[in-house]
Amino acid sequence: MDDHTQQEEDKFLALVSARKDVDLKISEFTPRTMLAVPVHSIARAKFPAIDFHNHLDAQSPLQMLKVMDECHIEKIVNITMRVGDAAFAMHRKFQQASATRFETIAWFDWHDLHDEGFWKKSVERLERFAEAGFCGIKIWKDLGLTLRAADGELLRVDDERLMPFFEKAGELNLPVMFHISDPDAFFTPIDRFNERYEELAAHPDWSFYGSQYAKEELLAQRDKIFQRHPQTTFIAAHLAEKSENLAYVSQLLEHHPNLYVDMSARTAELGRQPYTARQFFLHHADRILFGTDLVPEAESYRLHFRFLETADEYFDYPSHASRQGRWHIYGIHLPDDVLQKVYRENALKLLTSV
Ligand SMILES: [Zn+2]
């Protein structure tokens with residue numbers, strides 16, 4: 001900290017201690033907006049929608065179908081977190097409930113990473129998923145952040161031993177979904193400057209501040225894979241983990257025609273930059289997938305619809321129990337042709353190519 005910053009910091013702390021008796025705790029501050037603006041509650045999506053990013057392992061398929069019918073959700077893609085036989089059993093469970101309303105994305109299985117022949121086995125597993133009718137496979141952020149080889153070295157996202165796996169995925173027309181790294185705020189200190197302080201204070205284990213590979217490096221490793229395997233289709237979940245900077249995501253989509261992004265769990269980010277987000281959706285209408293990453297409930301789906309379909313101002317974003325940051329969102333009132341692509345047509349392109 002330089003002298004000037006130190007002085008500022010001292011001044012701030014003196015101010016805080018002088019006001020201690022009148023200062024509310026952040027956790028007790030729950031202001032109610034006095035704003036009077038139009039409110040449009042969208043009960044059902046304007047067009048049939050496919051939720052391309054969800055986790056249904058713990059849900060009852062029949063209960064899900066009820067919510068889906070209520071909200072005009074045509075299909076949900078369940079990204080199962082089960083591996084081995086349990087993954088196939090999960091896929092069957094949802095297929096039996098409805099072969100047309102549910103799809104399954106497999107989870108990359110690292111349990112035998114240290115066994116001989118692991119990399120080859122990963123390719124064979126992929127073939128079995130394709131045979132069983134899975135619609136993709138997901139690689140999660142443990143790659144690059146925590147997974148270590150037998151010698152103790154952290155695995156790189158662009159580890160070359162995974163190359164045959166990505167090539168095979170291309171051959172099988174099986175999209176690979178990546179969730180590498182996390183929001184920018186999870187890579188900065190948990191302090192008063194952190195815009196997601198409350199969330200991180202409640203879940204300090206979500207912070208990757210000080211990780212061996214900085215966030216930008218993790219993304220660069222991931223992006224190298226998009227480049228290296230042009231015949232393979234990739235889905236970068238959560239707006240390629242860079243919804244704070246849509247110019248970056250835009251460039252990424254322009255550089256890699258084999259790439260799609262999903263919007264799941266990022267409505268809060270998109271909705272606080274409605275002008276930029278609207279331009280982004282108009283420009284990349286063919287490459288964005290609707291998804292929520294939230295337990296399917298009518299209220300949560302409705303907030304997504306309100307964001308995409310209306311020009312409503314300053315409303316709550318959909319989220320699970322923990323809030324992402326202290327702000328509200330604005331609708332981006334997308335035109336019908338864009339809504340149809342984002343809700344459904346882009347997803348169908350991926351689902352029917354398998
Ligand atoms: Zn997810």
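Before any of the text, the structure's been laid out above.
Residues numbered from 1 in each chain as written. Predicted model: local features only at pLDDT ≥ 70, side-chain atom pairs only at ≥ 80, totals over all residues. Heavy atoms only, no water.

### Structural notes on the pattern of salt bridges
Tallied over the entire structure, the rule returns 31 salt bridges. The salt bridge partner of Lys215 is Asp184, with a shortest N-O separation of 2.6 Å. Of the two residues, Lys215 sits in helix H8 (residues 215–228) while Asp184 sits in the loop between strand E5 (176–178) and helix H7 (197–202), which places them 31 residues apart along the sequence. Lys215 sits in the buried class, given a relative accessible area of 5%. (Salt bridge = Lys/Arg side-chain N within 4 Å of Asp/Glu carboxyl O. Helix = DSSP H or I, 4+ residues; strand = E, 2+ residues; numbered from the N terminus. Buried < 20%, exposed > 50% of the residue type's maximum accessible area, 1.4 Å probe, protein only.)

### Describing the packing of helix H3 (residues 85–97) against helix H4 (residues 118–132)
At a minimum axis separation of 11 Å, H3 and H4 run at an interaxial angle of 15°. When the axes of H3 and H4 are compared, the pair comes out roughly parallel. Seen from above, H3 lies across H4 with right-handed handedness. Together, Ala87, Phe88 and His91 of H3 and Arg128, Phe129 and Ala132 of H4 make up the contact between the two elements. Class assignment of the residues belonging to the contact of H3 with H4 gives a composition of 4 nonpolar, 1 polar and 1 charged. (Axes fitted to C-alpha atoms, helices over the stretch in contact; angles between N-to-C directions. Parallel < 35°, antiparallel > 145°, perpendicular 65-115°, else oblique. Left-handed = near helix turned anticlockwise from the far one by under 90°. Contact = heavy atoms within 4.5 Å. Nonpolar A, V, L, I, M, F, W, Y, C, P; charged D, E, K, R; others polar.)

### What about empty space enclosed by the protein?
Under the counting rule described, the total for this entry stands at 1 cavity of 30 Å³ or more. In this structure, the largest cavity spans a volume of roughly 40 Å³. The wall of the largest cavity is formed by Trp107, Phe108, Asp109, Ser122, Arg125, Phe129, Ile137 and Phe165. When residues of the lining of the largest cavity are assigned to their parent elements, the largest contribution, 3 residues, is made by H4. (1 Å grid on protein atoms, 1.4 Å probe; cavity = no way out; pocket = protein on both sides within 12 Å on 5 of 7 lines; lining within 4 Å. Points joined across faces, edges and corners; volume = space filled by probe spheres on them.)

### Focus: the packing of aromatic side chains
Under the definition given, this model contains 26 aromatic pairs. Summarising the aromatic geometry, the rings of Trp110 and Trp119 are spaced 6.3 Å apart at their centres and angled 80° between planes, so their arrangement reads as edge-to-face. Taken individually, Trp110 and Trp119 each receive the classification buried, so the pair is uniform in this respect. Here Phe305 and Tyr343 contribute two aromatic rings whose centre-to-centre distance is 6.0 Å and whose plane-to-plane angle is 85°, an arrangement assigned as edge-to-face. Linking Phe305 in helix H13 (residues 298–309) with Tyr343 in helix H14 (residues 336–353), this pair joins segments that are 38 residues apart in sequence. Each member of the pair, Phe305 together with Tyr343, is buried. Taken together, the ring pairs in this structure connect Phe108, Trp110, Phe118, Trp119, Phe165, Phe166, Phe178, Phe226 and Phe234 into an aromatic cluster. Positioned over the ring face of Trp327 is Arg272, at 3.7 Å from the centre of the ring. (Phe/Tyr/Trp six-rings, centres within 6.5 Å; stacked < 30°, edge-to-face > 60°. Lys NZ or Arg CZ within 6 Å of the ring centre and 35° of its normal.)

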